[in-house]
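# Residue-level structural notes
If you want the building blocks of each chain, they are given just below.
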Amino acid sequence: MLKYTELVMDHFKNPRNLGRIDDADAQATEGSIACGDMMTVYLKVEDGKIADIKFESYGCAANIATASMMTEVVKGLSIEEAKKLSWKEIVERLGGLPQIKYHCSNLAVDTLKKAIEAYEGKRQ
Ligand code: FES
């Protein structure tokens, strides 16, 4: 039985920013090589900042919790700041994660970065 922190359980049971943005400026879907699970991130960008972000997860509890925390952290950040976010920071903010679940937080951050790339690609 995996042991999750209370904060992980809270974000899993009450995910923040869950859903989709129909008129998103960019979106991306990414899959985890480790487990085959997938998630999608939707972005709204205003004045170079992430004005809104939502996610859909087809992953596990740890992915839902880390994706939820990731959206809370990056909302309001500039695109450049958001690019620097690491999965370790998300895990730390959640008070830790079992090591075998680190890849679930990777999926959350990788999908964010792919959505940012899609946004930047559209602007070029
Ligand atoms: Fe696949 Fe967690 S086991 S995202």
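Residues numbered from 1 in each chain as written. Predicted model: local features only at pLDDT ≥ 70, side-chain atom pairs only at ≥ 80, totals over all residues. Heavy atoms only, no water.

A separate point is the sheet that holds strand β2 (residues 38-46). Taken in spatial order, the 3 strands line up as β1-β2-β3 in an open sheet, and their pairing is antiparallel. Of all strands in the sheet, those with a lone pairing partner are β1 (26-31) and β3 (49-57), marking the two edges. Within this sheet the neighbouring strands show an average axis-to-axis angle of 20 degrees, counted without direction. Relative to β3, β2 is paired through 8 bridges, and the arrangement is antiparallel. Residue pairing across strands places methionine 39 opposite serine 57, the latter belonging to β3. Strands in contact with helix α2 (residues 61-74) are β2 and β3; relative to β3, the strand with the most contacts, it is inclined by about 170 degrees. The sheet contacts of helix α5 (residues 102-123) involve β1, β2 and β3, and relative to β1 the element is tilted by about 140 degrees. (Pairing = 2+ DSSP bridges. Helix = DSSP H or I, 4+ residues; strand = E, 2+ residues; numbered from the N terminus. Axes fitted to C-alpha atoms, helices over the stretch in contact; angles between N-to-C directions. Contact = heavy atoms within 4.5 Å.)

Right, let's talk about unusual backbone geometry for a bit. The phi dihedral of asparagine 17 falls on the positive side, at around 60 degrees, and the residue is not glycine. Within the chain, aspartate 47 stands out as a residue other than glycine whose phi angle is a positive 50 degrees. For aspartate 47, a relative accessible area of 82% corresponds to the exposed category. (Buried < 20%, exposed > 50% of the residue type's maximum accessible area, 1.4 Å probe, protein only.)

Put simply, α2 and α5 touch, their axes get as near as 8 Å, and they point 40 degrees apart. One finds that α2 runs oblique with respect to α5. For the element pair α2 and α5, the recorded crossing hand is right-handed. Taken together, the residues of α5 that come into contact with α2 (itself represented by Ala62, Asn63, Thr66, Ala67, Met70 and Val74) are Cys104, Ser105, Leu107, Ala108 and Leu112. When its residues are assigned to classes, the contact of α2 with α5 shows 8 nonpolar, 3 polar and no charged. (Parallel < 35°, antiparallel > 145°, perpendicular 65-115°, else oblique. Left-handed = near helix turned anticlockwise from the far one by under 90°. Nonpolar A, V, L, I, M, F, W, Y, C, P; charged D, E, K, R; others polar.)

Turning to the pattern of salt bridges, a few remarks are in order. Scanning the entire structure with this criterion turns up 9 salt bridges. The closest approach of N and O atoms between arginine 20 and aspartate 22, which form a salt bridge, is 3.2 Å. Residue classification places arginine 20 among the partly exposed residues on the basis of a relative accessible area of 47%. Between lysine 75 and aspartate 52 there is a salt bridge; the shortest N-O distance is 3.5 Å. Of the two residues, lysine 75 is situated in the loop between α2 and α3 (79-83) and aspartate 52 in strand β3; the sequence distance between them amounts to 23 residues. Salt bridges linked by common partners bring Asp10, Arg16 and Glu72 together as one network. (Salt bridge = Lys/Arg side-chain N within 4 Å of Asp/Glu carboxyl O.)

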